[in-house]
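So you can see what is in the structure, the chains are spelled out below.
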Amino acid sequence: MLQLNVKNETSKLRAVVLGSAVNNGPTPAVGEAYDPKSLEHILAGTYPVEEDMVKEMEAFVQVFKKYDVQVFRPEMIENYNQIFSRDIGFVIDDIFVKANILPDRERELDAIQYIIDQIDPTKVVRPPEEVHIEGGDVMLWNDYIFIGTYKGSDYKDYITARTNQAGVDYIKNLFPNKIVKEFDLVKSKIEARDNALHLDCCFQPVGKNKGIIYKSGFREEADYMYLVNLFGRENLFHITRDEMYHMNSNVFSIAEDIVVSEKNFTRLNNWLRENGFTVEEIPYAEIAKQEGLLRCSTLPLIRE
């Protein structure tokens with residue numbers, strides 16, 4: 001049995017589900033795009049090809065091997081995008097939460113069922129149908145659970161609005177001893193530079209007390225200030241609109257002092273090193289064209 005344990009974003013990683021780009025299928029049609037960034041690349045003819053994305057994910061696997069992390073991969077579905085395992089489920093403490101994802105993506109959960117079968121069934125939960133919540137919006141920080149949401153009255157019109165208030169309330173009820181704080185995120189169906197698809201597109205903790213943040217990803221300044229006050233302004237690396245677009249906040253921590261980052265994130269990677277982090281740089285720019293990056297493609301199961 002897998003003894004799940006995830007209490008934050010940065011403790012030493014022992015086991016993870018990494019998505020797969022194998023048999024990814026053809027470039028989607030314009031009407032099939034889930035987010036404005038994918039749409040942008042479909043229209044421009046620059047949508048990533050399978051061969052390049054497989055190479056990028058293999059580089060991630062090599063970093064996990066270097067640090068003795070057990071890596072699970074989803075079973076292959078033919079002609080299907082299975083890269084972003086963070087969307088389909090997440091672990092809080094020792095509970096595996098199956099996300100209520102877009103109905104089209106239900107098969108992705110089936111592809112990791114062999115992993116879920118290794119978990120105590122009393123520790124696996126599935127929210128009711130009206131609850132929308134995805135792993136990219138759920139961020140653990142010890143006693144805190146940060147959740148990205150969208151509170152606009154037009155929620156139902158936005159395919160980029162992934163976690164609703166019912167999702168926030170569900171987590172509050174499931175973990176009454178945690179401090180659950182939701183953040184109202186900026187969404188756009190048409191401009192990727194103004195679309196925080198998930199919370200990890202505009203914020204992520206690193207190390208013991210630091211974080212990467214994009215101020216304009218929050219609809220309310222009070223939400224941004226909550227994080228500034230909690231972490232301290234001097235401990236936050238502020239990214240630009242363009243850096244947010246390239247997913248600079250979507251790195252992944254293997255330990256409190258080890259961060260996997262995209263090799264082109266020069267300004268961020270320098271800041272991380274200046275603050276004592278080991279930065280494992282890998283290419284991930286092709287996968288980034290689908291508005292997801294390193295955190296999006298991982299589902300941590302066990303941290304120390």
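Structure shown above.
Residues numbered from 1 in each chain as written. Predicted model: local features only at pLDDT ≥ 70, side-chain atom pairs only at ≥ 80, totals over all residues. Heavy atoms only, no water.

### What to know about the pairing of strand S3 (residues 89-92)
Regular strands show a simple pattern: their side chains alternate between the two faces of the sheet. Just so we agree on the cut-off: Relative accessibility under 20% of the residue-type maximum defines a buried residue, over 50% an exposed one, and the middle range a partly exposed one, all with a 1.4 Å probe and only protein chains included. The helix count covers DSSP runs of H or I at least four residues long, the strand count covers runs of E at least two residues long, and both are numbered beginning at the N terminus. Here, any two strands with at least 2 DSSP bridges between them count as paired.
Side chains of S3 alternate between two faces, with Gly-89 and Val-91 and Phe-90 and Ile-92 buried alike. Here S3 runs beside strand S4 (residues 95-98); their pairing, made up of 4 bridges, is antiparallel. Across the sheet, residue Val-91 finds its bridge partner in S4, namely Phe-96. As consecutive antiparallel partners, S3 and S4 are separated by 2 residues, and within that stretch Asp-93 has a phi angle of approximately 55°, a positive value.

### Some thoughts on the nonpolar core
Just so we agree on the cut-off: Throughout this description, the term nonpolar core refers to a set of buried Ala, Val, Leu, Ile, Met, Phe, Trp, Tyr and Cys residues connected via side-chain atoms within 4.5 Å. For this analysis, residues touch if any pair of their heavy atoms sits within 4.5 Å.
Ranked by internal contacts, the top residues of the largest apolar core, which has 59 residues, are Phe-203 and Phe-218. Here this core gets 6 residues from one element, more than from any other, and that element is helix H2 (residues 50-66). When neighbours within four sequence positions are excluded, Phe-218 is seen to be in contact with Phe-183, Asp-184, Leu-185, Val-186, Leu-199, Cys-202, Phe-203, Ile-213, Asp-223, Tyr-224 and Leu-227. The next biggest cluster of nonpolar side chains, apart from the first, holds 34 residues, and it includes Phe-72, Phe-90, Ile-112 and Leu-140.

### Remarks on unusual backbone geometry
With a phi angle near 55°, Asp-93 is a residue other than glycine that sits in the positive phi range. Relative to the helices and strands, Asp-93 is located in the loop between S3 and S4. A relative accessible area of 16% places Asp-93 in the buried class. The residue Asn-142 is not glycine, and still its phi comes out positive at about 60°. Here Asn-142 falls in the partly exposed class, since its relative accessible area comes to 36%.

### Regarding the sheet that holds strand S15 (residues 298-303)
Remark on secondary structure: sheet strands pair via backbone hydrogen bonds, oriented parallel or antiparallel. To be explicit about the condition: Angular values range over 0 to 180 degrees, each being the angle between N-to-C directions of two axes fitted as lines to C-alpha atoms, with helices fitted over their stretch in contact.
The 3 strands lie next to each other as S2-S1-S15, forming an open sheet whose pairing is mixed. Strands with a single pairing partner mark the edges of an open sheet, and in this sheet they are strand S2 (70-72) and S15. On average, adjacent strands in this sheet sit at an angle of 20° to one another, irrespective of strand direction. Examined bridge by bridge, strand S1 (residues 13-18) and S2 share 3 bridges and lie parallel to one another.

### Here we look at the pattern of salt bridges
Rules: Salt bridges, as used here, are contacts in which a Lys or Arg side-chain nitrogen is within 4 Å of a carboxyl oxygen on Asp or Glu.
Per the stated rule, a full pass over the model turns up 18 salt bridges. One salt bridge connects Lys-178 with Asp-93, and the closest N-O pair in it is separated by 3.2 Å. Of the two residues, Lys-178 is situated in the loop between helix H5 (165-174) and strand S8 (179-184) and Asp-93 in the loop between S3 and S4; the sequence distance between them amounts to 85 residues. By the burial criterion, Lys-178 is buried, and Asp-93 matches it. Linking Lys-172 and Glu-182 is a salt bridge whose minimum nitrogen-to-oxygen distance equals 3.6 Å. Of this pair, Lys-172 sits in helix H5 while Glu-182 sits in strand S8, and the two are 10 residues apart along the sequence. According to the relative accessible area criterion, Lys-172 is partly exposed, its value standing at 32%. Linked by salt bridges that have partners in common, Lys-7, Asp-93 and Lys-178 make up one network.

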